[in-house]
Structures are given as C-alpha cells and as structure tokens.
Amino acid sequence: MTVQDEIRAAEVLDRGVPGEMAGKFPGVPETPEPGPGELRQTPQEIEGPYYRLGAPQRTNLLEQSDKPEIVLTGRVLNEKGTPIPGAVVSFWSSDAAGNYDMVGYRYNGWQVTDEQGRYGLTTIIPGCYEPREAKHIHVKVQGNSSPITTQLYIEGEPGNTDDDFYHPALMVPCTIDADGVKHGRFDFVIKQVTEQENVTPESLAARV
Ligand SMILES: [Fe+2]
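This section reports on the structure supplied with the text.

Conventions and cut-offs
- Residues numbered from 1 in each chain as written.
- Predicted model: local features only at pLDDT ≥ 70, side-chain atom pairs only at ≥ 80, totals over all residues.
- Heavy atoms only, no water.
- Helix = DSSP H or I, 4+ residues; strand = E, 2+ residues; numbered from the N terminus.
- Areas by Shrake-Rupley, 256 points an atom, 1.4 Å probe, with all protein chains shown as cover.
- Contact = heavy atoms within 4.5 Å.
- Core = buried A, V, L, I, M, F, W, Y, C linked by side-chain atoms within 4.5 Å.
- Buried < 20%, exposed > 50% of the residue type's maximum accessible area, 1.4 Å probe, protein only.
- Pairing = 2+ DSSP bridges.
- Phe/Tyr/Trp six-rings, centres within 6.5 Å; stacked < 30°, edge-to-face > 60°.
- Donors = N, O, S within 2.8 Å, 3.2 Å for Na, K, Ca; no water.
- Tetrahedral: all angles 85-135°; square planar, octahedral: opposite > 155°, others 65-115°.
- Salt bridge = Lys/Arg side-chain N within 4 Å of Asp/Glu carboxyl O.

**Structural notes on the overall build of the protein**
Here is step 1 of the chain: Within the protein one finds two helices and 10 strands.
Here is step 2 of the chain: Beginning at the N terminus, the succession of helices and strands in the protein can be written as α-β-β-β-β-β-β-β-β-β-β-α.
Here is step 3 of the chain: Of the roughly 10,900 Å² that the protein leaves accessible, carbon and sulfur atoms contribute 52%.

Take a look at the structure:
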C-alpha cells in the first residue's frame, strides 16, 4: 500500500449504514469476532444466481470495446495478517447494463495470488439490476480452506446504502486517476485450516 493509498483510505470516515442482509449468507455462519491481535474476517454474502464454473484464468475482464473503469488491488491474508500465496480469487459481475453472461464468461474470471498474496483486477464498473440497488462485484476466495463468497461495493457509486446487502466493510475505497479510472484497494481476510482441525497430515503439509 502506498502512503497515498493509506491517506485516502483513512478519509473514508462514513461508510454508511449496512443493509438488512449485510454479511448474511443463509446457512453460512456470520464471521466471528476476531481474537486478540487478529484481523476481522471478510464478511460473507450471498452468491446470487449467476455464479458459473469454467471461467478463464485472467486478471483483466475488459471486452474489446471497453475502457478500464476500475482497477482493484489487494491481498489475501489470514487472520494473523499473513499473506496467502496461491489463493484462488474468482470475480464475476454483470455488464454495464446489469446483465450477467450465462452463456459465455464475460466479466467472469479467476486468478491466483502471487508470492506476497497479491491479486489485481481490471474491469468495468458493473450496472445494476432489480432487486439490487448497489453496483457490486461478486467474489469467491479460497486458500487452504473452504471458499468464502462475498461481494464488493465501490466507493462513490449511487445506491450503495439503499441496497439490502450493502456492508460498510465490503465498500472499496477508491481514488480516481486523470483518465477517470477508479483505483480501489481491498484485502480479503480468510480463515485457514489449523492443526486443531480434523485434517490429514498431507493436507496440513500444504497449510499456509
Ligand atoms: Fe449480482
């Protein structure tokens, strides 16, 4: 994170109120209070009806006629703040008109975090669709763990706090560059398998 990013993030003093369904995914426990010195886990939210397996691995979701509208960067961390290399991060969103591609894989792709646990995504700012009020980007993140499913909201876009699922902790603070491109930074915090859990020695060998 650059110093400028830190200053900008600190300026977001009012992230607005959460929607009624913020951080709720039926059947999935809400994230626990962090332990002493731990980071709060990223809240999970609904998957929605449009997640599809089979998307290409890529960090740029732009179609040929698109201009970049938002660049997201960040890391995948465990609760101790340790970066998780090799985590799989899948992003999918609607197009600018609010439609999801259920035939091909427009605005759908996955990537793997680098040695520092970093990811990066260049895409459009999606449209909105009934019954949602907020533009949102769906995400799944998986390390040595079950995948978590969540959504990101974009600072400065209309409708955020009118949306039932809007979660202030999932709002990505953004700067805007001279070309009008938003640059947002967001770190995902996910639980990893621990020694106390019922896993095989082989799977523990791959623990981060
Ligand atoms: Fe959606």
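So, next bit.
**Some points on the environment of Gly19**
Here is step 1 of the chain: Within the secondary structure, Gly19 is located in the loop between helix 1 (3-10) and strand 1 (70-77).
Here is step 2 of the chain: As for Gly19 and Asn160, which are separated by 141 residues in sequence, their C-alpha atoms are 8.9 Å apart.
Here is step 3 of the chain: Setting aside anything within four residues of it in sequence, one finds Gly19 in contact with Asp163, Asp164 and Tyr166.

**Re the nonpolar core**
Here is step 1 of the chain: In this structure, Leu72, Val76, Phe91, Val141 and Phe188 are the most contacted members of the largest nonpolar core, which totals 32 residues.
Here is step 2 of the chain: Secondary structure elements with two or more residues in this core: strand 1, strand 2 (88-92), strand 4 (118-123), strand 5 (136-142), strand 6 (148-154) and strand 7 (171-172).
Here is step 3 of the chain: Among the elements that make up this core, the one with the highest residue count is strand 6 (four residues).
Here is step 4 of the chain: Residues in contact with Val141, not counting those within four places in the same chain, are Val76, Val88, Val89, Ser146, Pro147, Ile148, Phe188 and Ile190.

**Things to note about the sheet that holds strand 5**
Here is step 1 of the chain: Taken together, five strands build an open sheet; the order of strands is 3-2-5-6-7 and the sheet is mixed. The open sheet has two free edges, formed respectively by strand 3 (108-112) and strand 7, since each of these has just one partner strand.
Here is step 2 of the chain: As paired elements, strand 5 and strand 6 share six bridges and run antiparallel to each other. Within strand 6, the residue paired with His136 across the bridge is Tyr153.

**A look at the packing of aromatic side chains**
Here is step 1 of the chain: Inspection of the entire model under this criterion finds eight aromatic pairs.
Here is step 2 of the chain: Each ring, one from Phe91 and one from Tyr119, has its centre 5.7 Å from the other, and the planes form 45°; the classification is tilted. Here Phe91, found in strand 2, pairs with Tyr119, found in strand 4; they are 28 residues apart in sequence, far enough to count as distant. Each member of the pair, Phe91 as well as Tyr119, carries the same accessibility label: buried.

**Considering unusual backbone geometry**
Here is step 1 of the chain: At the junction of Glu130 and Pro131, the peptide bond is cis and its omega measures out at 0° in the coordinates.
Here is step 2 of the chain: Relative to the helices and strands, Pro131 is located in the loop between strand 4 and strand 5.
Here is step 3 of the chain: Although it is not a glycine, Tyr107 sits at a positive phi angle of roughly 60°.
Here is step 4 of the chain: For Tyr107, the location among the structural elements is in the loop between strand 2 and strand 3.

**Things to note about the coordination of the iron ion**
Here is step 1 of the chain: Bound to the iron ion are the protein donor atoms Tyr100 (OH), Tyr129 (OH), His136 (NE2) and His138 (NE2), situated 1.9 to 2.1 Å from the metal.
Here is step 2 of the chain: Relative to the metal, the four donor atoms surrounding the iron ion lie at angles of 91 to 155°, and the coordination shape comes out irregular.
Here is step 3 of the chain: The sequence pattern formed by the donor residues of the iron ion is Y-x28-Y-x6-H-x1-H. Here His138 lies in strand 5 and Tyr100 lies in the loop between strand 2 and strand 3, a separation of 38 residues in the sequence.
Here is step 4 of the chain: For Tyr100, a relative accessible area of 13% puts it in the buried group.
Here is step 5 of the chain: We classify His138 as buried; its relative accessible area is 2%.

**Observations regarding the pattern of salt bridges**
Here is step 1 of the chain: A complete count under the given rule lists 12 salt bridges for this structure.
Here is step 2 of the chain: Two residues, Arg118 and Asp114, come together in a salt bridge whose shortest N-O distance is 2.8 Å.
Here is step 3 of the chain: Judged by its relative accessible area of 43%, Arg118 is partly exposed.
Here is step 4 of the chain: A residue is classified by how much of its surface remains accessible, and Asp114, at 27% relative accessible area, is partly exposed.
Here is step 5 of the chain: Between Lys135 and Glu157 there is a salt bridge; the shortest N-O distance is 2.9 Å. Of this pair, Lys135 sits in the loop between strand 4 and strand 5 while Glu157 sits in the loop between strand 6 and strand 7, and the two are 22 residues apart along the sequence.
Here is step 6 of the chain: Taken together, the shared-partner salt bridges connect Glu63, Asp95 and Arg106 into one network.

This is a description of form; function is not addressed.
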